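# Notes for the structure review
Each chain, letter by letter, is given below.
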Amino acid sequence: MSSVSRLSVNVNAVAMLRNRRDLPWPSVTALAALAMEAGAKGITVHPRPDERHIRKTDVFELAELIEERFPNKELCLEGYPSPDFMKLVEEARPEQVLFVPDDPDQTTSDHGWDFSKDIGLLETAIAAAKEWAVTVSLFCNPEPADPDHAARIGAERIEIYTGPYGACYDTPDLAAKELDKIAATAEAARAAGLGVNAGHDLTVENIPALLQRAPFIREMSIGHGFTADALVYGFAESVRRFRTAMGEL
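Notes on the structure in this doc start here. As the structure is a computational prediction, the values presented were derived from the model and not from experiment.

By the criterion of burial, strand E6 (residues 157-161) is predominantly enclosed, with five of the five residues buried. The side-chain alternation of E6 yields two buried faces, one formed by Arg157, Glu159 and Tyr161 and the other by Ile158 and Ile160. Direction of pairing for strand E5 (residues 135-140) relative to E6: parallel, over a ladder of four bridges. Within E6, the position partnered with Ser137 by the bridge is Arg157. Between the parallel elements E5 and E6, the chain passes through helix H6 (residues 146-152) in a crossover that is right-handed. As paired strands, E6 and strand E7 (residues 195-199) are joined by five bridges and run parallel to one another. In the strand pairing of E7, Ile160 is matched with Ala198.

What follows is the structure, encoded as structure tokens:
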């Protein structure tokens, strides 16, 4: 097994299932540990204001889990840089924060930042995160002009929104066009000196083509597709399946 992994497992869906009952299972921390033991590079969570899946308590428990048992792994927090979220970042001190332009009522992140109007908000959030020694990533549309904006305001990485690519699972011609956009954005990010992450609707089936075009992608945050796969194969086996798709095993 390679010591390097791109896979960060998003466990929001685990928390959503747990929250259907007033019971402690399925355990977010136990399944996160299982994923990391199987070789995932870390865990991603997106705590929302209504705590409809990940709760603030989960964030602290995951931070403690990684600090105590998996010191070479990473916790990534996703969220809109509201005062409450920024306070959570300050207190939990994850290895990475991904700022996303989500409305609280959104089902999932479905677009990147509008750099024509969100610069002030992002500059303030980025400066605060850097004071706390937290690596900053910004959620970007597959638009080659966006990485330069992200670099100029101090981001260290971007995560390219791959949802449109994932949605073309049954239309190869459209998937190829979306892949062109992602690859061009990834190249622009690399030229701007940014680390390149990717996330949304990535699967065992569509990851190889993506990495063929952008092999320097350093992280893939995968939740829905991973959880769907794990319902069939189990958490540990799905880590192996996704890492195999990424060419790591």
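This paragraph deals with the sheet that holds strand E3 (residues 74-79). The strands making up a sheet are joined through hydrogen bonds of the backbone, oriented either antiparallel or parallel. Reading around the barrel, the eight strands line up as E1-E2-E3-E4-E5-E6-E7-E8 and close back on themselves, with parallel pairing between neighbours. On average, each strand axis in the sheet is tilted by 25° relative to the strand beside it, whichever way the strands run. Relative to strand E8 (residues 219-222), E7 is paired through three bridges, and the arrangement is parallel. Residue pairing in the sheet places Asn197 in a bridge with Glu219 of E8.

Mapped onto the elements, Asp58 comes out in helix H3 (residues 56-69). For the pair Asp58 and Thr29, spaced 29 residues apart in sequence, the C-alpha separation works out to 7.7 Å. In contact with Asp58, other than residues within four places in its own chain, are Ala15, Arg18, Val28 and His53.

What counts and what doesn't
Residues numbered from 1 in each chain as written. Predicted model: local features only at pLDDT ≥ 70, side-chain atom pairs only at ≥ 80, totals over all residues. Heavy atoms only, no water. Buried < 20%, exposed > 50% of the residue type's maximum accessible area, 1.4 Å probe, protein only. Helix = DSSP H or I, 4+ residues; strand = E, 2+ residues; numbered from the N terminus. Pairing = 2+ DSSP bridges. Right-handed = clockwise from strand over helix to strand, strands pointing away. Axes fitted to C-alpha atoms, helices over the stretch in contact; angles between N-to-C directions. Contact = heavy atoms within 4.5 Å.

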